[in-house]
Amino acid sequence: MHRVLFSLFDGKITVYTYSVCIVIGLLAGALVFRWLCKRLKMSDTSYDFYSFLAIFTVVVGFVAAYVFQDVYNVLAGRGSNIVKDMQALFAGEGFRMSGGITFMGGLLGGAVFFIICTLCCKDKKVRSEFPLLADIAAPVILVAHGFGRIGCFFGGCCYGKVTNSVFGINYPVNDVWQPRFPTQLYEAAFCFIAFGLMLLLIFKTDKRGFLIAIYAASYSVFRFLVEFLRDDYRGGADIGISPSQVQSIVLILVAAAYVCLKIFWWD
């Protein structure tokens, strides 16, 4: 763990490793998006629309990730961190997301916002290229998410259970160093491997619009399984599985429904 990357002016300015990884992930995603749009010959009109929309989607995604986690905290009986954060803001103590954020909530919230905005677009050219955009979105999300999970590893969140196996690494939780499953790095590895496979698939097929479903289903299966190795607080009601596992099941069903709609209606 290495939360602080560096500090300036006697600690008055602090740069956190997690924040830097998030920025690197967003920049990498933007570069991959630009490269794939050019390589796959997306129209300039669609590129401009989707690029502009992506900026707002990132913001909406972070807000959704914050809200979803707050719901988990309420269900777990910890109260609303949104209320606490707003009280701190109005008291002049500044604003911070004290309750944390959840990727699955941000992914779902951002996806719903993006799809609704696309459907509301009056330009038929933009709407007709949505399947191409959906394919491009899969590797873009994966590369950004991969760097984000590296940030989680350095930031001290999303850690795994204590283990004596060869798959564990010495990791501090509450200042106690123990060998734990590095679930953050497992997820980062999955994202980067899946990113490479998505790039291969996107250039090997002319059938557009299916990669996003493959991404959603494969990531959901992986996330459902890796949750059994997690040991950090994630909130939610006590139903035997974590909120992310519930969302993984929902996302798999949504991916299946999307494929059916695309085959039997859209195409």
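Anyway, here's the lowdown on the structure attached to this text. (Residues numbered from 1 in each chain as written. Predicted model: local features only at pLDDT ≥ 70, side-chain atom pairs only at ≥ 80, totals over all residues. Heavy atoms only, no water.)

1. Description of the overall build of the protein
Which entries qualify depends on this criterion: Note on conventions: DSSP H or I runs of at least 4 residues are helices, E runs of at least 2 residues are strands, and numbering of each starts at the N terminus. The reference for a compact globule is 2.2 Å times residues^0.38; the radius of gyration itself is calculated from the C-alpha atoms. Note on classification: 1.4 Å probe, protein chains only; a residue is buried when its accessible area is under 20% of the maximum for its type, exposed when over 50%, partly exposed between these limits. Should any heavy atoms of two residues lie within 4.5 Å, those residues are counted as being in contact. Charge convention: Lys and Arg are scored as positive, Asp and Glu as negative, and His as well as the terminal groups of each chain are ignored. A charge is said to be at NZ when it belongs to Lys, at CZ for Arg, at CG for Asp and at CD for Glu.
A count of helical and extended segments in the protein gives nine helices and four strands. When the elements of the protein are put in sequence order from the N terminus, they spell out β-β-α-α-α-α-α-α-β-β-α-α-α. Relative to the compact-globule value of 18 Å for 267 residues, the protein shows a C-alpha radius of gyration of 20 Å, a close match. Principal-axis analysis of the C-alpha atoms places the extent of the protein at approximately 55 × 45 × 35 Å. Looking at the protein as a whole, 42% of its 267 residues are labelled buried. Long-range pairs, those at least 24 residues apart, make up 68% of the contacts in the protein with a sequence separation of at least 6. In the protein, which carries 23 positive and 17 negative side-chain charges, the distance between the mean positions of the two groups comes to 5 Å.

2. A look at a nonpolar patch on the surface
Where we set the bar: The patch calculation keeps residues exceeding 30% relative accessible area without a salt bridge and links them within 9 Å when they carry like charges or within 5 Å when they are nonpolar (Val, Leu, Ile, Met, Phe, Trp, Tyr). Residue exposure ignores everything except the shown protein chains as possible cover, and the areas themselves are Shrake-Rupley values with a 1.4 Å probe. A pair is scored as a salt bridge if a Lys or Arg side-chain nitrogen falls within 4 Å of a carboxyl oxygen belonging to Asp or Glu.
Taken together, the side chains of Leu5, Phe6, Leu8, Phe9 and Ile13 define a hydrophobic patch exposed on the protein surface, amounting to about 470 Å² of accessible area. Looking at which element gives the most residues to the nonpolar patch, the answer is strand 1 (residues 4-8), with three residues.

3. Quick word on the pattern of salt bridges
As enumerated under the stated definition, the model contains seven salt bridges in all. Where Asp135 meets Arg208, a salt bridge forms, and the shortest distance between an N and an O atom there is 3.4 Å. On the criterion of sequence distance, the pair formed by Asp135 in helix 6 (residues 130-155) and Arg208 in the loop between helix 7 (183-204) and helix 8 (211-226) is long-range, its members being 73 residues apart. Taking the relative accessible area as the measure of exposure, Asp135 reaches 0% and is therefore buried. Ionic pairing is found between Glu187 and Arg149, a salt bridge with its closest N-O pair at 3.2 Å. Of this pair, Glu187 sits in helix 7 while Arg149 sits in helix 6, and the two are 38 residues apart along the sequence. We note that Glu187, like Arg149, is buried. It is possible to trace a salt-bridge network through shared partners that takes in Arg149, Glu187, Arg223, Glu227, Arg230 and Asp232.

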